[in-house]
Protein chains: 2
Amino acid sequence: MKRLKSHKTFGGDTAFWSHVSEETQTEMKFATFVPTGPIKGCIIWLSGLTCTEENFITKAGAQRALSRAQLMLIAPDTSPRGLNLPGEHASDDFGSGAGFYVDATTPDYAGNYRMYSYLLNDIYPLIGTQFGVENVSIMGHSMGGHGALVLGLRNPQLFRSISAFSPIAHPSTVAWGQKALTGYLGADRQAWLAYDACELLKMGKSHEAPILIHQGTEDPFLPMQLKIEDFREAALAVRQKHTIVYAEGYDHSYYFISSFVDAHIEHHAQFMAMARN
Amino acid sequence: MKRLKSHKTFGGDTAFWSHVSEETQTEMKFATFVPTGPIKGCIIWLSGLTCTEENFITKAGAQRALSRAQLMLIAPDTSPRGLNLPGEHASDDFGSGAGFYVDATTPDYAGNYRMYSYLLNDIYPLIGTQFGVENVSIMGHSMGGHGALVLGLRNPQLFRSISAFSPIAHPSTVAWGQKALTGYLGADRQAWLAYDACELLKMGKSHEAPILIHQGTEDPFLPMQLKIEDFREAALAVRQKHTIVYAEGYDHSYYFISSFVDAHIEHHAQFMAMARN
């Protein structure tokens, strides 16, 4: 694990790292913010389409609230880099910058596009081994909101709480999701369901902490790509606790995220504070 | 004045604009944040080398504190764009992205590089005419910190207060300043002094509000380019009220700015609140 650069921020440390992943077979980058003093837990942030490890850490304005809540944050990149797989760089919503937090099984992508396992087997453990921090929660935006819901619902024992900004909540039913899931998992829709938050709820996956979602009402992707109402219906049907806040007039940007990131950090902080049995 | 895009942020409006400037004879861009509700004043933000109208508004995390203080902010670009003057695009510290907030007199640049007058005659008036806001203060970073000190000290009647992050405080004595002042004003050093904060203090320019400066101790540009101690000495000599905060361990980046921008906003807010005679 190599420290590339760091910047003192709100008394703590914003840093950028690289390491070699056995899951992706590539060098991967991630960013961290570590406050000073005792640390109560770590939030994993998953970014959306086209993002790198930099977007959240430079644009969300989260370090102030993280310092106050005594939480660290780790923001991984959104896909492997430095490869040249067939079609990998052809579009914004598939391949580089668009790993969708799945383990690919299609021949071209199965060897490297293993972002689900990268998060569980590379990123998650290093929070403890490299930073000495125990309690972990997960949140993300858009494609990363999808990732946070899927990782969290499939591994509730690993994550204290889950939250999302404008997540792709029902990917198997929308264009972004169908393109990515076909490309990474093939045409058999049955294989997609393990990476679809609504379908996971229907299968009985759940989390004991209420799931917090913020969604801008002026988000251009809301009606066709995000399907937040499907998530609400699925959650109600299985009694998964949740809070969905429709934020009037907000869009899909980091200006929206910055406006509500403090609320998400406080949400996760309350579950970090509870003693684990 | 053309509204290019806007994003709801902390209940207010982050927007990007373009307009044609008579001073620069070009189309110029600027960004604004306007909070909801009554507005007590406007801060002009001047960015540093290589920046555009975007850097501060996306990276500083200032909208939260601006909303709370009921202040708007306007962030202009750092130079004219779309020209191809001799040497204009050859380096990071002169020409495009590096207007240095002066009115050029050298033949190649005199027609367009008039950022000092652009701020006074184009930006300053539109705060009143387009946004209906009266009280104005000024702050900036690095080259923009220099700009804020110079604009503020030369026009104390126009600005309620002045602040700066890591300003180029004594430009006529450092490499960045000498290159820019030579290129825009020619070799006669006498002409430079009107654009040098330390020299302006020595000439008797002053401001009734204390000038707030934050400076990171790990800023790589501190010893050779910024000369904050020269500013302190000049201010002490003429009894210009000032507060210089050396922030231990911080560098020259927006991580540093974001850590202390709330303090600057609160500084300006207190002078906005005072009634003007």
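Here the structure is a predicted model, which means the values were calculated and not measured.

### Thoughts on the interface of chain B and chain A
Contact residues are listed per partner, giving 17 residues for chain B and 17 residues for chain A. Secondary-structure elements contributing two or more residues to the side of chain B that touches chain A are strand E1 (2–9), helix H1 (55–59), helix H2 (63–69) and helix H9 (254–273) of chain B. Of the residues that constitute the side of chain B that touches chain A, the class distribution is three nonpolar, ten polar and four charged.

### Here we look at the environment of B:Thr24
Checked against the element boundaries, B:Thr24 lands in the loop between strand E2 (12–21) and strand E3 (26–34). As for B:Thr24 and B:Tyr113, which are separated by 89 residues in sequence, their C-alpha atoms are 6.0 Å apart.

### What about helix H4 (residues 143–154) of chain B?
Every α-helix carries 3.6 residues per turn, so stepping three or four residues along brings you back to the same face. All names here are of chain B. Counted at 1.5 Å a residue, the expected span for H4 with its twelve residues is 16 Å, and the 17 Å between its end C-alpha atoms agrees. Of all twelve residues in H4, eleven are buried, a share of seventy percent or more. Along H4, the positions that sit buried rather than exposed are Met143, Gly144, Gly145, His146, Gly147, Ala148, Leu149, Val150, Leu151, Gly152 and Leu153. Structurally, H4 contributes buried residues whose contacts are with strand E4 (41–46), helix H3 (115–129), strand E6 (136–141), strand E7 (162–165) and helix H6 (197–202).

### As for the environment of A:Glu134
All names here are of chain A. Mapped onto the secondary structure, Glu134 falls in the loop between helix H3 (115–129) and strand E6 (136–141). Among the residues examined, Glu134 registers 14 C-beta atoms within 10 Å and is labelled partly exposed. In sequence terms Glu134 and Glu23 are 111 residues apart; their C-alpha atoms lie 22 Å from each other.

### Looking at the pairing of strand E8 (residues 211–216) of chain A
All names here are of chain A. Most of E8 is tucked away: six of the six residues are buried. On E8, burial covers both faces: Ile211, Ile213 and Gln215 on one face and Leu212, His214 and Gly216 on the other are all buried. Note: strand E7 (residues 162–165) against E8, three bridges, orientation parallel. In the strand pairing of E8, Ser163 is matched with Leu212. Where E8 and strand E9 (residues 242–247) come together, six bridges link them in parallel fashion. By the bridge assignment, Gly216 is partnered in E9 with Ala247.

What counts, and at which threshold
- Residues numbered from 1 in each chain as written.
- Chains lettered and ligands numbered in written order.
- Predicted model: local features only at pLDDT ≥ 70, side-chain atom pairs only at ≥ 80, totals over all residues.
- Contact = placed C-beta atoms within 7 Å.
- Helix = DSSP H or I, 4+ residues; strand = E, 2+ residues; numbered from the N terminus.
- Nonpolar A, V, L, I, M, F, W, Y, C, P; charged D, E, K, R; others polar.
- Expected span 1.5 Å × (residues − 1).
- Buried ≥ 20, exposed ≤ 12 C-beta atoms within 10 Å, placed from the backbone.
- Pairing = 2+ DSSP bridges.

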